[in-house]
Amino acid sequence: MSDTRQEPGAPEDELAHRFRAGDEPALREAYDRYGRAVLHLATSTLVNRSDAEDVTQATFVAAWLGRETFDPTKGSLVGWLLGIARRKVIDRLRSSAREHRVVETVRQLPDPAPSGSDPDTVVDRLVVADELARLPDEQRRMLELAFFDDLTHQQIAAVTGVPLGTVKSHIRRGMASLKRRWEVDGAAPGARPAGLSGAR
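None of the values given here were measured: they were computed from a predicted structure. By convention here, each chain's residues receive numbers from 1 onward along its written sequence. Per-residue local features are limited, in this predicted model, to residues with pLDDT of at least 70; the limit for side-chain atom pairs, both in listing and counting, is 80 or more; totals at the level of whole chains, interfaces and linings are taken over all residues. Side-chain numbers here rest on the full set of heavy atoms in the structure, without hydrogens or water.

Trainee: What is the right way to read helix 7 (residues 153-160) from this model?
Mentor: Every α-helix winds through 3.6 residues per turn, so residues three or four apart in the chain are directed the same way. We call a residue buried when its accessible area falls under 20% of the maximum for its residue type, exposed when it is over 50%, and partly exposed in between, using a 1.4 Å probe and counting protein chains only. The helix count covers DSSP runs of H or I at least four residues long, the strand count covers runs of E at least two residues long, and both are numbered beginning at the N terminus. All buried positions along helix 7 are accounted for by His153, Ile156, Ala157, Val159 and Thr160. Residue glycine 161 follows helix 7 closely and has a positive phi angle near 80 degrees.

Trainee: Even after reading the chapter, I still don't get the nonpolar core, so can you show me in this structure?
Mentor: Soluble globular proteins tend to bury their nonpolar side chains together. As used in this record, nonpolar core signifies buried Ala, Val, Leu, Ile, Met, Phe, Trp, Tyr and Cys residues forming a set joined through side-chain atoms within 4.5 Å. Membership of the largest hydrophobic core comes to 42 residues, with the highest contact counts inside it found for Leu77 and Ile171. Sorting the residues of this core by element identifies helix 1 (12-21), helix 2 (24-43), helix 3 (49-65), helix 4 (77-108), helix 6 (137-148), helix 7 and helix 8 (164-184) as the ones contributing at least two each. Here the element with the most residues in this core is helix 4; it accounts for nine residues. In this view, leucine 77 contacts Glu12, Leu15, Ala16, Phe19, Ala30, Tyr34 and Phe70; residues no more than four positions away in its chain are not counted. Every residue pair with non-hydrogen atoms within 4.5 Å of one another is taken to be in contact.

Trainee: Looking at this model, I keep getting lost on the layout of surface pockets. Mind explaining?
Mentor: Left-over empty space is what a probe sized like a water molecule reveals as it rolls over the atoms. In this structure, the second largest pocket encloses a volume near 180 Å³. Take the lining of the second largest pocket: its biggest share by element is four residues, from helix 4. Here the term charged refers only to Asp, Glu, Lys and Arg, the term nonpolar to Ala, Val, Leu, Ile, Met, Phe, Trp, Tyr, Cys and Pro, and the term polar to all other amino acids, Gly among them. Among the residues making up the lining of the second largest pocket, the classes are represented as five nonpolar, five polar and three charged. Buriedness for pockets is judged along seven lines, at least five of which must meet protein on both sides within 12 Å for an open set on the 1 Å grid over protein atoms alone, while cavities are sets there where a 1.4 Å probe fits but cannot get out, and lining residues have an atom within 4 Å of a point. Grid points are joined across faces, edges and corners, and a volume is the space filled by probe spheres set on the points.

Trainee: Help me understand the packing of helix 1 against helix 2, please; the structure alone is not making it clear to me.
Mentor: For the pair helix 1 and helix 2, interaxial distance at closest approach is 8 Å and the crossing angle is 130 degrees. With respect to each other, helix 1 and helix 2 are oriented oblique. Viewed along their axes, helix 1 and helix 2 form a crossing whose handedness is left-handed. Along its contact with helix 1, which presents Glu12, Leu15, Arg18 and Phe19, the element helix 2 presents Pro25, Ala26, Leu27, Glu29, Ala30, Arg33 and Tyr34. A breakdown of the residues in the contact of helix 1 with helix 2 according to their chemical character gives seven nonpolar, no polar and four charged. As a rule, the C-alpha atoms of each element are fitted with a line to give its axis, helices using only the stretch in contact, and angles between N-to-C directions run from 0 to 180 degrees. Roughly parallel covers angles under 35 degrees, roughly antiparallel covers those over 145, roughly perpendicular covers 65 to 115, and oblique covers all other angles. Crossings are sorted by hand: turned counterclockwise from the far helix by less than a right angle, the near helix makes the crossing left-handed, and turned clockwise it makes it right-handed.

Below, the structure is given as structure tokens:
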């Protein structure tokens, strides 16, 4: 294995094994050495730097608490940390998107009408959830991130590590599958249930 050193600090392999063994100074060394890389990943996706800093801290806390799951023989410590960081970024984006959707939904609610809520809208939302559950895992995941969590294709690629072209392909195929199912189920031609706008 490579004995490449980064000053100051111990070789990667030694630091990784000490980290996994629960050596507390190794946590500080790992943060000093890789904290900037984790922060860069977070800031490249999250608009708010404060959120990116929170994600960086949460990444190292999660890594330290789950250090026994790290296997130095299967990958580098920095790669493992960045994998945790990607999941933390997704969690933060989902949380922000949910908050934004709640605000926007409330803001866009029409004034109460005597006829009450449109039952078709309620049914459409249930149909979307049911149809998404039938898609292959990757297609469903990409569509949920794109439409329910309001992420762009570029953001999805950044937080999942999936190439941009593959992200677009999964979304395109997922949308085509949904369209075929709606047509088979008798949806009106060209109709699209509420909650699914265009892909971006």
